[in-house]
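Coordinate inspection notes
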Amino acid sequence: MLRVLYRQRRWTHTLRPYQQECIDSSLRELANGVWRQAVSLPVGSGKTVVFSNLIQHVQGQTELATKTLVLAHREELLSQAARQIQRASPHLVVEIDQGSRVANPAADVVVASVPTLGREHSERLQRYDPRRFKCIIIDEAHHAAAETYMRILDYFKDRVFVWGCSATLQRHDGLGLTRAFDKIVYEKRFVEMIREGWLARLRVLTVRTKSRLDSVRSYAGDFSMSSLSAAVNVQERNLAVVQAYKSLAADRRSVLVFAVDVAHARDLAELFTHYGTQAKCVLGSTPMAEREQILHEFRMGTLPVVVNCGILTEGTDIPNIDCVIMARPTRSAVLFQQMLGRGMRKHAGKTDCLVVDFVDSFKSDASQITVPTLLGLDPTLVLDHDDVMDDTLLRRKAELQLQQRENKENMAGKEGECHTVVREFEESLKDRHLLPKTLGSLQALGFKAHVHLNPLRFFELDKKPENMASAEYADTLSSVSCGDAKLRGMSKNAWVCLSPSRYLCSADSMLYFLTTDRSGIWTGSTRALVQYPTATGMRTHYAKEKQIELSATTLAQGIKGIDRLLAAKVDPFKLKQLYWKADWRKRPPTPKQLQMLSRFGIKEENTDTLLTRGCATNLIMRLTHGSSKTWKQFERAKTQLQTLQQKRASVVTSNAVWASPSVSLD
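Residues numbered from 1 in each chain as written. Predicted model: local features only at pLDDT ≥ 70, side-chain atom pairs only at ≥ 80, totals over all residues. Heavy atoms only, no water.

Details of the overall build of the protein
When helices and strands are counted, the protein shows 25 helices and 24 strands. Among the 666 residues that make up the protein, the fraction classed as buried is 56%. Within the protein, residue pairs in contact and separated by at least 24 positions form 71% of the contacts whose partners lie at least 6 positions apart. Working note: accessible area of the protein is about 29300 Å², and carbon and sulfur atoms make up 50% of it. (Helix = DSSP H or I, 4+ residues; strand = E, 2+ residues; numbered from the N terminus. Buried < 20%, exposed > 50% of the residue type's maximum accessible area, 1.4 Å probe, protein only. Contact = heavy atoms within 4.5 Å. Areas by Shrake-Rupley, 256 points an atom, 1.4 Å probe, with all protein chains shown as cover.)

Spelled out as structure tokens, the structure:
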């Protein structure tokens, strides 16, 4: 049994309350047998301070096990960890193992480069005797599921205590970290840290651009770099970045700009210089001596602007940064939080950090991570030097902008407003991309109770508009019936929405679920279809739900994670049948489908000319795997709607509400 020195105490070095809580929690869980732990602390919280103090209070399984291995993947992280450990424990011998720097295996603490030790058949790893190590610390632990990290952990096997820390304990690709860790033993979010005064307050300003990212390809849960660079590294947008700095942030002392790639970073730096602002680039190819000189000038305040691409997202300790310009769009909440965190450290004379959030154009605003999406607000919300801690102000502003976007006529009473919704819905039938706009109108009416209404009521209106192709109309119906119009922009597979917190994809006798709770983290699970014999023959049922290794901060990331799992497990031919554009989905519904739908009140006479097989499949999946409860609320909601609008408007509104799980009715 692993022995632990654990008792409430005052640490040798003065720790912040949450740092002591983190150490206490880690040691308590270790005493309970949790050997592989992760903690989530935001940028600027002093993660290095925490593990520097933690390692001296852990003992190994044997008297021989006294050493600690600290793993990091960047040179800056290695140096920072070595300095902090030496400061916290001057009696320990600390050495770095990276490239040409070879550590003495006799050192008490080895701070090692993961690329150096973790590469395949690494001789450097073989120099260490696993029996002599009590503890492995992993800095920036969201990387720990990578093969290089797992090779190192597998080499030491179960002989050591593994402890990882990160500001973002989710991976960019949506895959989980359970291969490396058993439990998150402590967590503190950046909003809590700001509220308690440990991090600088953030003021956010939104700059909307005309650059369109609809055609930008995706890769590993984010935009493809080459495709993204071609879309955003254009003169007009780059000028907007410089102009935003000149008009909004020229009084800021230290401005950090995030660019897409090397070319984008260089072009921005040249443009800043051309318009009279001294700016320099920090790139992967920048020589170390030059990089250190640039960052020294930046820390001293003599260099006002530094532009980087992927270099200063992790392990950068420059607390005087008081403005961050997000010129690099991303679909990754992990990467966005890392960039945002560069300006959150407190510093003398720094009252807050200004975040200039560039938001480009999409068919779906949810495709790009922004400050509003990170806070759970409307992704189209435009901020103007707003304090992210002022929840009331932000939500009031979101409501006001929603009303302004909808261009509501100044009518008295809800009946007039409902006629506005009717016109908007009729337009949405011509262009399915207007569906979210229609839903926004319904939300603005003040509806409150979450209800999914009958999606087929609008079939009683008119048949396919004459100016719309049959295939496009079928796509429109399928988009409505899946329960969330945004799903079409997130995946080529046929996902459906069961509730605002639960989504489903069915593939090859297996159900794949994505579920979230109040923490905002999306997790994956499965249910397998199994057969069993009975007196009358073989029967089938779905087995108990099982969790899978997937954790994501956004729905889009979670869907990408499961889609990647499907691509690896499902036969290529069968995989193509999962696509929402698959040919079979455009065919008429089968008699068995119509029979099943009729049990829920969807009658054949109302659906046989318009309903497609894919649309029927969506509805059946939703109604049989979680939406039946909300379906029962339809009749009660319908009675309330009848008093609010005419019969035709009631039909239209019912369908618009079905198209989004977030819409509510009063």
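Still to come is the rest of the account.
Some thoughts on the side chain of Arg 252
With respect to the helices and strands, Arg 252 occurs in the loop between helix H9 (235-249) and strand S11 (255-258). What makes Arg 252 buried here is its relative accessible area of 16%. At a separation of 3.1 Å, a polar atom in the side chain of Arg 252 contacts the main-chain carbonyl oxygen of Asp 322. Look past the residues within four positions of Arg 252 in its chain and what remains in contact with it is Asp 322, Cys 323, Asp 352, Cys 353 and Leu 354. (Polar contact = N/O pair within 3.5 Å; in protein donor to acceptor, adjacent residues only side chain to side chain.)

Section: the packing of aromatic side chains
Under the definition given, this model contains 7 aromatic pairs. Their ring planes at 70° and their centres at 5.6 Å tell us that Tyr 18 and Trp 198 sit as a pair that is edge-to-face. Pair noted here: Tyr 18 is in helix H1 (residues 17-31) and Trp 198 is in the loop between helix H7 (190-195) and strand S8 (201-212), with a separation of 180 residues, a long-range link. On the accessibility criterion, Trp 198 (25% relative accessible area) is partly exposed. Between Phe 133 and Phe 156 the ring centres are 5.3 Å apart and the planes differ by 75°, which places this aromatic pair in the edge-to-face class. Remark: Phe 156 occurs in helix H6 (residues 147-156) and Phe 133 occurs in strand S5 (residues 133-139); sequence separation between them is 23 residues. Phe 156 carries the same exposure label as Phe 133, and that label is buried. (Phe/Tyr/Trp six-rings, centres within 6.5 Å; stacked < 30°, edge-to-face > 60°.)

Quick word on the side chain of Lys 134
Turning to its location among the elements, Lys 134 is positioned in strand S5. One buried charged residue, Lys 134, remains without a salt bridge, the closest side chain of opposite sign being Asp 108 at 8.9 Å. One polar contact links the side chain of Lys 134 to the main-chain carbonyl oxygen of Val 58, over a distance of 2.6 Å. Apart from residues no more than four positions distant in its own chain, Lys 134 is found in contact with Ile 55, Gln 56, Val 58, Gln 59, Gly 60, Ala 65, Thr 66, Lys 67, Thr 68, Val 160 and Phe 161. (Lys, Arg positive; Asp, Glu negative; His and termini not counted. Salt bridge = Lys/Arg side-chain N within 4 Å of Asp/Glu carboxyl O.)

Overview of the pairing of strand S1 (residues 36-40)
Most of S1 is tucked away, with 5 of its 5 residues classed as buried. A two-sided burial pattern is seen for S1, the buried positions comprising Arg 36, Ala 38 and Ser 40 on one face and Gln 37 and Val 39 on the other. Examined bridge by bridge, S1 and strand S6 (residues 161-166) share 5 bridges and lie parallel to one another. Within the sheet, the bridge partner assigned to Arg 36 lies in S6 and is Val 162. (Pairing = 2+ DSSP bridges.)

A short note on the sheet that holds S6
With parallel pairing, 7 strands are arranged side by side in an open sheet as S3-S4-S2-S5-S6-S1-S7. If you trace the sheet from one side to the other, it starts and ends with strand S3 (94-97) and strand S7 (183-187), each paired once. For this sheet the average axis-to-axis angle between neighbouring strands, irrespective of direction, equals 20°. Its contacts with the sheet place H1 against S1, S6 and S7, and it is angled at close to 155° to S7. (Axes fitted to C-alpha atoms, helices over the stretch in contact; angles between N-to-C directions.)

Observations concerning the packing of H9 against helix H10 (residues 262-274)
Contact geometry for H9 and H10: axes closest at 10 Å, N-to-C directions at 50°. As judged from the angle between their axes, H9 and H10 are oblique. Pair H9 / H10 crosses with right-handed handedness. Facing Gln 235, Arg 237, Asn 238, Leu 239, Val 241, Val 242 and Tyr 245 of H9, the residues of H10 in contact are His 264, Asp 267, Leu 268, Leu 271 and Phe 272. (Parallel < 35°, antiparallel > 145°, perpendicular 65-115°, else oblique. Left-handed = near helix turned anticlockwise from the far one by under 90°.)

Looking at unusual backbone geometry
One non-glycine residue, His 121, adopts positive backbone phi at about 60°. The class of His 121 is exposed, set by a relative accessible area of 73%. Positive phi values are uncommon outside glycine, yet Glu 140 reaches one of about 55°. With respect to the helices and strands, Glu 140 occurs in the loop between S5 and H6. Taking relative accessible area as the criterion, Glu 140 reaches 7% and is therefore assigned buried.

Overview of H9
A rise of 1.5 Å per residue sets the reference length of H9, with its 15 residues, at 21 Å; its end C-alpha atoms lie 20 Å apart and thus fit the reference within 8%. Where H9 is concerned, the buried positions are Arg 237, Asn 238, Val 241, Val 242, Ala 244, Tyr 245 and Ala 249. The arc that holds every buried residue of H9, seen down its axis, measures 150°, which confines them to one face. Exposed side of H9, more than 90 degrees from the buried face: Glu 236, Gln 243 and Ser 247 are the residues found there. (Expected span 1.5 Å × (residues − 1). Arc of directions from axis to C-beta.)

So, the environment of Leu 555
Its location among the elements puts Leu 555 in helix H19 (residues 555-569). Note: C-alpha distance between Leu 555 and Leu 514 (41 residues apart in sequence) is 7.8 Å. Beyond its immediate chain neighbours, meaning those up to four positions away, Leu 555 contacts Met 490, Tyr 503, Leu 514 and Trp 522.

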